[in-house]
Amino acid sequence: MPIDEIYKKIWEMAKPYYEKGRPMDIEHVDWLIKEAMIVCEKEDIDISLLMPLVILHDVGYAKVPQENPFKLNIRQLHMDEGAKIAKQILDEVDYPEDKKTKVVSYVSVHDNWALGDDHIYHEDKILGVFNDLEYSWMATEKGFPALMKILNKSHSEMLEHLETNEKIKRRPFSTDTTKKLYEGCLKDRYAEQNKN
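Computed from a prediction, not measured in an experiment: that's the story for all the values here.

> So what's going on with the overall build of the protein chain? Which residues, and what values?
What the protein chain contains, in helices and strands, is 11 helices and zero strands. Along its sequence from the N terminus, the protein chain presents helices and strands in the succession α-α-α-α-α-α-α-α-α-α-α. For 196 residues, the compact-globule estimate of 2.2 N^0.38 gives 16 Å, and the protein chain sits close to it at 16 Å. Across its three principal axes, the protein chain shows a C-alpha extent of roughly 50 × 40 × 30 Å. Long-range pairs, those at least 24 residues apart, make up 67% of the contacts in the protein chain between residues at least 6 apart in sequence. Put simply, the protein chain shows about 9,700 Å² of open surface, and 50% of that area lies on carbon and sulfur atoms. For the protein chain, the centre of its 28 positive side-chain charges and the centre of its 37 negative side-chain charges are spaced 2 Å apart.

Okay, structure coming up:
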């Protein structure tokens, strides 16, 4: 399924920020874009909100110190900076005002779970689905080794990290589609481990 021109334009404008951010982020966002299109179609999710969130959520890493992205001060800073960049890009593409306001707000809080705030993912399905996709990325062929490196974990330790992560209890999967996606990715990582 082809991506709409408006999202292509947003993605092209976002890429230079990602090139200055974390090394894995362009692959990360490419994967999220593909999966977000599928989830929006299967689950009747508003693509005009989810897609720009997916594309713009981590642009703020271009404006923060290049250190552990899981440190809480870095997480907060990348959301604050990302919201400014998201607004600038969405202004430039003349995105609808009501949608722009919502997307910028999403970018400004998308990692709030790390700060102990889980309620927003239960109250807003767009954020819930986004959080599901972000978590699933950690179990993908490219995301798994990238996160292993950042978290300094072995393959088996990373599997244990995913299986025991509080996400599953605190922010259960918002849709059957995202849950199945995650389960399929995790199954593939177990298959890799069993080959070795």
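> Talk me through the nonpolar core; I want residue IDs and the actual numbers.
Most often, soluble globular proteins have nonpolar side chains that are buried together. Within the largest apolar cluster, 60 residues are counted, with the highest numbers of intra-cluster contacts made by Ile-10, Leu-50, Ile-55, Leu-56 and Leu-162. Top contributing element to this core by residue count: helix H2 (residues 25-43), with eight residues. For Leu-162, the residues in contact, after removing those within four places along its chain, are Tyr-135, Met-138, Ala-139, Phe-144, Ile-168, Tyr-182 and Leu-186.

Rules used throughout
- Residues numbered from 1 in each chain as written.
- Predicted model: local features only at pLDDT ≥ 70, side-chain atom pairs only at ≥ 80, totals over all residues.
- Heavy atoms only, no water.
- Helix = DSSP H or I, 4+ residues; strand = E, 2+ residues; numbered from the N terminus.
- Rg over C-alpha atoms; globule rule 2.2 N^0.38 Å.
- Contact = heavy atoms within 4.5 Å.
- Areas by Shrake-Rupley, 256 points an atom, 1.4 Å probe, with all protein chains shown as cover.
- Lys, Arg positive; Asp, Glu negative; His and termini not counted.
- Charge placed at Lys NZ, Arg CZ, Asp CG, Glu CD.
- Core = buried A, V, L, I, M, F, W, Y, C linked by side-chain atoms within 4.5 Å.
- Buried < 20%, exposed > 50% of the residue type's maximum accessible area, 1.4 Å probe, protein only.

That's the geometry; what it means functionally is another story.
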